[in-house]
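One-letter residues, chain by chain:
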Amino acid sequence: MAEPPGPVLVVIPTYEERENLGRVVARLNAAVPAADILVVDDASPDGTGELAEEMAAADPRVRVLHREGKNGLGAAYLAGFRHALSGEHQVVVEMDADGSHAPEDLPALLAALDDEGDDGAGGADLVIGSRYVPGGQVVNWPLHRQWLSRGANLYAKLALGAPVQDITAGYRVYRREVLEELDLDSVISQGYCFQIDLAWRALQAGFRIREVPITFTEREKGSSKMDASVMAEAFVNVARWGLEHRTSWLRPKARV
C-alpha cells in the first residue's frame, strides 16, 4: 500500500460506546499503526470518555475531545475536523466507534487517495467506504434497515443527480484541502444527512470522489442512534438542495 500523503487523524465520535471503543482502537492500531486517533465524546454517561482518557494516557496516538452533551453526530465530526485543521494532519478519517466500519478496510481507503483508479482519473480528494459498489456488502442488518439505507441513497442520487452510490456512508477519508475549502461553519446537518451534505459540497466544489468497497457489519453491542427526526431532516434537506441545484440557471447573474 502506498503511504498516505501526510499524517492521518481518525476521528471517532462516541456516545455510550464503552463496550466497543477499546476493541475498535486496538484493531485500528494494528491496521494503520501510524495513524493518530481522536475520540470525540459527547459526555457519555456510561464512562466512554473516561475510558478514552485512560487509553490516551497509555498511547500517545490517542487523543480525546470532550463535549458538554449529546449534540449530534454532525457537530461531533465538525469539532473533530476543526481539531485536525488546527494541527499537522493532512488526511482526516471518519469512522464509527461501534465496529460497523472495519479498521482492516482503512488501508485500501487511504491507498485510493493516490491510486489512479480504473478510470485513470488520478487520485481522490474524498474516499468513501461504500456498501453499494461491486465488492461492498452489509452483514447482519435486518431487512428494513437495508431497504431504508438503499432507499435513502436512491432518493439522494435522484434528487441531486450525484454520481455516488453510497452517499450516506459514514466511513470516509478526506484530504485536508477538502475540509479547508468547504464552509464548515455553515454545516448544520446531523445524522446521515451530514454525510450527504459534505459529499454534495465536495462535488460542487469540484473535488474528486472515489468509492472503495467495504464490508459493513451491524454492531454487536449497544444500540443505533438513528431516529425519525434524522430521517426527516435528510428528506427535507436533500429535496431543497436538489431543487436549488436544478433551478440555479434561473437565478440572475451578477453584473461584472
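Residues numbered from 1 in each chain as written. Predicted model: local features only at pLDDT ≥ 70, side-chain atom pairs only at ≥ 80, totals over all residues. Heavy atoms only, no water.

(A) View of the overall build of the protein chain. What the protein chain contains, in helices and strands, is eight helices and nine strands. Counting all 256 residues of the protein chain, 51% fall into the buried class. For the protein chain, the share of sequence-separated contacts (at least 6 apart) that also reach a separation of at least 24 residues comes to 80%. A total accessible area of about 12100 Å² is found for the protein chain, and carbon and sulfur atoms account for 54% of it. (Helix = DSSP H or I, 4+ residues; strand = E, 2+ residues; numbered from the N terminus. Buried < 20%, exposed > 50% of the residue type's maximum accessible area, 1.4 Å probe, protein only. Contact = heavy atoms within 4.5 Å. Areas by Shrake-Rupley, 256 points an atom, 1.4 Å probe, with all protein chains shown as cover.)

(B) Structural context of the pattern of salt bridges. Scanning all chains against the criterion turns up 12 salt bridges. The salt bridge involving D42 is made with R67; its shortest N-O contact spans 2.7 Å. Of this pair, D42 sits in the loop between β2 (36-41) and α2 (48-58) while R67 sits in the loop between β3 (62-66) and α3 (73-85), and the two are 25 residues apart along the sequence. Both residues of the pair, D42 and R67, count as buried. Here D114 and R175 are joined by a salt bridge, their closest N and O atoms 3.0 Å apart. Pair noted here: D114 is in the loop between α4 (106-111) and β5 (126-130) and R175 is in strand β7 (residues 172-175), with a separation of 61 residues, a long-range link. The exposure class assigned to D114 is partly exposed, which follows from its relative accessible area of 38%. (Salt bridge = Lys/Arg side-chain N within 4 Å of Asp/Glu carboxyl O.)

(C) Representation of the nonpolar core. Among the nonpolar cores identified, the biggest contains 39 residues, and F81, L160, I167 and I196 are the most heavily contacted of them. Per-element tally for this core: the top contributor is helix α7 (residues 191-204), with eight residues. What L160 contacts, discounting residues up to four positions off in sequence, is I167, I196, W200, V238, W241, G242, H245 and R246. Judged by nonpolar contacts, the second largest core, of 31 residues, contains I37, M55, A112 and Y171. (Core = buried A, V, L, I, M, F, W, Y, C linked by side-chain atoms within 4.5 Å.)

(D) Examining the sheet that holds β2 more closely. Sheet architecture is open: seven strands sit in the order β3-β2-β1-β4-β7-β5-β8, paired in mixed fashion. Edge positions in the sheet fall to β3 and β8 (209-213), since each of these pairs with one other strand and no more. Averaged over all neighbouring strand pairs, the angle between strand axes comes to 20°, with direction disregarded. Sheet analysis places strand β1 (residues 8-14) next to β2, joined by six bridges and oriented parallel. Note that in β2 the partner of T14 across the bridge is D41. α2 contacts β1, β2 and β3 of the sheet and is inclined by roughly 150° relative to β3. Packed on one face of the sheet, α7 meets β4 (91-94), β5, β7 and β8 and runs near 35° to β7. (Pairing = 2+ DSSP bridges. Axes fitted to C-alpha atoms, helices over the stretch in contact; angles between N-to-C directions.)

(E) Structural context of the packing of aromatic side chains. Within this structure, the stated rule accounts for five aromatic pairs. Summarising the aromatic geometry, the rings of Y77 and F81 are spaced 6.0 Å apart at their centres and angled 25° between planes, so their arrangement reads as stacked. Here Y77 pairs with F81, and both are found in helix α3, just four residues apart, close to one helical turn. Members of the aromatic cluster, each reached through a chain of ring pairs, are Y77, F81, Y174 and F194. (Phe/Tyr/Trp six-rings, centres within 6.5 Å; stacked < 30°, edge-to-face > 60°.)

(F) Expanded view of the packing of α3 against α7. Taken N-terminus to C-terminus, the directions of α3 and α7 make an angle of 50°; their axes are 7 Å apart at the nearest point. Taken together, the axes of α3 and α7 lie oblique to each other. Taking contact as the criterion, the partners of L73, G74, Y77, L78 and F81 in α3 are, on α7, G191, F194 and Q195. Tallied by class, residues from the contact of α3 with α7 come to five nonpolar, three polar and no charged. (Parallel < 35°, antiparallel > 145°, perpendicular 65-115°, else oblique. Nonpolar A, V, L, I, M, F, W, Y, C, P; charged D, E, K, R; others polar.)

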